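# Close look at the chain arrangement
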2 protein chains.
Amino acid sequence: MKKIKIGLLGFGNIGTGTYRILEMNHRKIAETTGCELEITRILVNDPSKKREISVPSGKFTKDPDTILNDPEIDIVVEVLGGIEPAASYMLKAMKNGKSVVTANKAAVAANFAELKSVAAANNVLFRFEASVAGGIPVLNALSTALSGNEFEEISGIVNGTTNYILTQMTENGSAYEDVLKDAQAKGFAEADPTADVEGIDAANKLSILMALAFGKYVAPSDIPTTGISKITKADIDAAKERGCKIKLLASAKKNGNDVEYSVKPVELPLSHPLAGVSNEFNAVFVTGNAVGELMFYGRGAGSLPTGSAVMGDIIEIAKAVAAK
Amino acid sequence: MKKIKIGLLGFGNIGTGTYRILEMNHRKIAETTGCELEITRILVNDPSKKREISVPSGKFTKDPDTILNDPEIDIVVEVLGGIEPAASYMLKAMKNGKSVVTANKAAVAANFAELKSVAAANNVLFRFEASVAGGIPVLNALSTALSGNEFEEISGIVNGTTNYILTQMTENGSAYEDVLKDAQAKGFAEADPTADVEGIDAANKLSILMALAFGKYVAPSDIPTTGISKITKADIDAAKERGCKIKLLASAKKNGNDVEYSVKPVELPLSHPLAGVSNEFNAVFVTGNAVGELMFYGRGAGSLPTGSAVMGDIIEIAKAVAAK
């Protein structure tokens with residue numbers, strides 16, 4: 001059985017999830033790909049750090065080049081987060097002939113065209129399913145099973161932290177500040193929640209969705225973006241009286257030859273499929289000129305759900321490598 | 001640009017939808033595949049029949065062999081419906097080196113192993129996304145983006161006719177017989193509705209879902225199947241009082257090393273994501289050991305939605321042919 005070696009850049013939440021999935025579903029993954037997949041090296045800041053997961057210590061390295069320059073590594077998985085050095089590492093891996101998988105929406109959204117073109121120029125694969133809506137396989141669907149459609153609309157609840165906060169405000173009548181503190185205590189929101197609550201994370205994801213659905217790249221910073229930090233109990237109650245729920249919606253719609261796009265809180269009628277998407281769940285609503293209305297619903301974050309998307313990309317690349 | 005020639009077996013609802021999509025999205029499909037796709041021949045009973053769609057009459061043929069034996073045709077699309085002669089035509093096309101796309105759940109469910117093995121033996125592709133849940137790209141997701149998961153459950157509302165009838169009975173308090181007549185008048189139910197209302201159509205789809213998700217083939221006739229023809233207004237009202245809706249559910253769940261499966265009407269609590277799936281819409285609920293709970297929602301039937309799934313399969317095959 002052909003061996004495929006994988007280098008992991010980063011070993012936080014998503015990196016450990018990916019490692020765990022390869023351990024727990026090893027047999028199925030070998031049957032599916034016809035290959036023996038192994039994570040041979042993992043870039044970390046501190047190889048001696050105590051971890052909840054048992055990994056042979058020889059796999060850890062502090063030097064990215066021992067992964068990026070290793071001729072035995074076929075696939076580099078980037079789960080560091082942040083734009084740099086993540087993007088530079090991905091480009092270097094591609095130039096060294098390695099296919100790349102990433103979960104990093106900020107790095108993909110900021111460097112979409114360059115990452116795609118360097119992958120093509122080096123005849124390697126570049127996949128980023130996990131960068132939008134975690135485990136929900138919407139990017140793959142847009143690029144494959146739905147690719148016979150011209151898309152008319154892509155709208156989604158693509159940030160779990162803000163959806164959790166809005167759901168709790170709606171269901172329990174709590175104030176924004178109180179729910180945010182509670183979410184931080186439970187690990188659903190980060191100590192600095194700015195990227196989530198101000199819609200920046202959602203704008204990164206919308207940039208990627210638009211590039212795939214409409215072939216139109218808009219930098220995240222050019223997407224009109226309003227977060228939820230100004231939403232009050234009074235806003236929630238007023239929406240309720242109108243039979244609506246407030247959701248942070250990342251939305252792009254065709255209008256003639258233009259595309260209109262924004263990230264902002266909107267009132268959705270209770271009958272809208274996205275109105276029933278609660279707490280940390282994500283959903284993406286797609287309208288195509290052939291398929292009509294579709295919705296994809298699931299977990300948009302978390303170690304194993306996001307790891308599932310990373311592993312799906314690894315498997316597709318492994319199949320392609322094995323077929324060579 | 002490489003030319004890829006397609007032969008259509010059948011030109012009913014799905015066949016005309018596929019033809020229309022290739023016309024209306026021709027430019028995008030050419031960009032996506034890097035190929036010029038053309039439907040060159042279409043098998044029909046009556047080439048001289050008046051049709052709503054304009055097709056050069058020279059494309060029509062009454063003789064299947066002018067498609068199955070045409071060395072210029074790369075892809076055969078089977079949209080005849082029914083088990084035979086559809087299955088024999090697909091096998092003959094594969095043995096003649098053609099990749100095959102079908103929307104035919106009955107033929108796929110009855111001949112799953114043989115169709116897969118003959119495709120593999122002849123080194124051609126065989127795809128059948130449209131056979132389950134119309135335009136919803138669930139089969140592709142199970143086989144690609146989600147393939148790093150061991151699946152625990154697949155449950156779905158996969159028959160639009162019965163979901164329309166149950167929804168109307170629930171929302172309007174109508175009797176089964178009255179809604180069925182109304183559905184037949186509107187074209188949502190066939191003159192002989194047996195395959196839909198007795199759950200046979202759903203059992204075909206569950207057989208295919210199980211084969212993909214669990215690698216376990218169960219013939220549709222071996223799936224315990226109960227339809228909705230015995231559901232009364234009293235049943236619907238009793239479910240309502242318990243805070244539930246009755247839905248015809250096709251369901252398969254892992255239980256240790258076994259899989260438990262059935263098609264039957266069940267009471268779903270209103271909080272279940274499938275309870276909100278109304279009228280002719282379909283949805284498939286998937287639980288994987290990494291991704292957790294996912295749901296795919298959309299149009300499970302209709303000319304363009306089902307044609308969208310057929311076209312997605314054609315595009316994937318065209319990409320593979322172009323890469324050779």
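Use the structure listed above.
## Overview of the interface of chain A and chain B
- Every contact between the two is made by 40 residues of chain A and, on the other side, 40 residues of chain B.
- When chain A packs against chain B, close to 3,300 Å² is buried across both sides, 53% of that on carbon and sulfur atoms.
- On the chain A side of the interface with chain B, the three residues burying the most area are Lys 28, Ala 145 and Tyr 297 of chain A, jointly 17% of the side's total.
- Where chain A packs against chain B, one counts 0 salt bridges.

## Some thoughts on the pattern of salt bridges
- Per the counting criterion, the structure on display carries 24 salt bridges over all chains.
- One salt bridge in this structure joins Arg 242 of chain B and Glu 267 of chain B, with 2.7 Å as the shortest N-O distance. Residue Arg 242 of chain B is found in the loop between helix H12 (233-241) and strand E8 (244-255), and its partner Glu 267 of chain B is found in strand E9 (residues 258-269); the two are separated by 25 residues along the sequence.
- Measuring nitrogen to oxygen at the nearest pair gives 3.0 Å for the salt bridge that ties Lys 319 of chain B to Glu 316 of chain B. With Lys 319 of chain B and Glu 316 of chain B both in helix H13 (residues 303-323), this residue pair falls 3 residues apart, about one helical turn.
- Residue classification places Glu 316 of chain B among the buried residues on the basis of a relative accessible area of 17%.
- One connected set of salt bridges, linked through shared partners, spans Lys 105, Asp 201 and Lys 205 of chain A.

## Some points on the sheet that holds strand E5 (residues 99-102) of chain B
All names here are of chain B.
- In spatial order, the strands read E3-E2-E1-E4-E5-E6; together these 6 strands make up an open sheet with parallel pairing. Of all strands in the sheet, those bounded by a partner on one side alone are strand E3 (60-61) and strand E6 (126-127).
- The pairing of E5 with E6 spans 2 bridges and is classified as parallel. Each residue of the ladder has a partner; that of Val 100, found in E6, is Phe 126.
- Docked against the sheet, helix H1 (residues 13-24) engages strand E1 (2-9) and strand E2 (35-43), running at close to 150 degrees with respect to E2.

## Notes on the environment of Asp 46 of chain B
All names here are of chain B.
- By the element assignment, Asp 46 lies in the loop between E2 and E3.
- Residue class for Asp 46 comes out partly exposed when judged on its relative accessible area of 35%.
- It is 38 Å that separates the C-alpha atoms of Asp 46 and Ser 143, two residues lying 97 residues apart in sequence.
- At a separation of 2.7 Å, a polar atom in the side chain of Asp 46 contacts the side chain of Ser 48.

## Re helix H9 (residues 176-186) of chain B
Residue and element names in this part refer to chain B.
- Taken together, the buried positions of H9 are occupied by Tyr 176, Val 179, Leu 180 and Ala 183. Along the axis of H9, the buried positions cluster into a sector of 100 degrees, meaning they face one direction only. Seen from the buried face of H9, the exposed residues on the opposite side, beyond 90 degrees, are Lys 181 and Ala 185.
- The secondary structure elements touched by the buried residues of H9 are helix H8 (160-172) and helix H10 (194-197).
- Of the residues one or two after H9, Gly 187 is the one with positive phi, at around 85 degrees.

How each quantity is defined
Residues numbered from 1 in each chain as written. Chains lettered and ligands numbered in written order. Predicted model: local features only at pLDDT ≥ 70, side-chain atom pairs only at ≥ 80, totals over all residues. Heavy atoms only, no water. Contact = heavy atoms within 4.5 Å. Buried area = accessible area lost by both parts, 1.4 Å probe. Salt bridge = Lys/Arg side-chain N within 4 Å of Asp/Glu carboxyl O. Helix = DSSP H or I, 4+ residues; strand = E, 2+ residues; numbered from the N terminus. Buried < 20%, exposed > 50% of the residue type's maximum accessible area, 1.4 Å probe, protein only. Pairing = 2+ DSSP bridges. Axes fitted to C-alpha atoms, helices over the stretch in contact; angles between N-to-C directions. Polar contact = N/O pair within 3.5 Å; in protein donor to acceptor, adjacent residues only side chain to side chain. Arc of directions from axis to C-beta.

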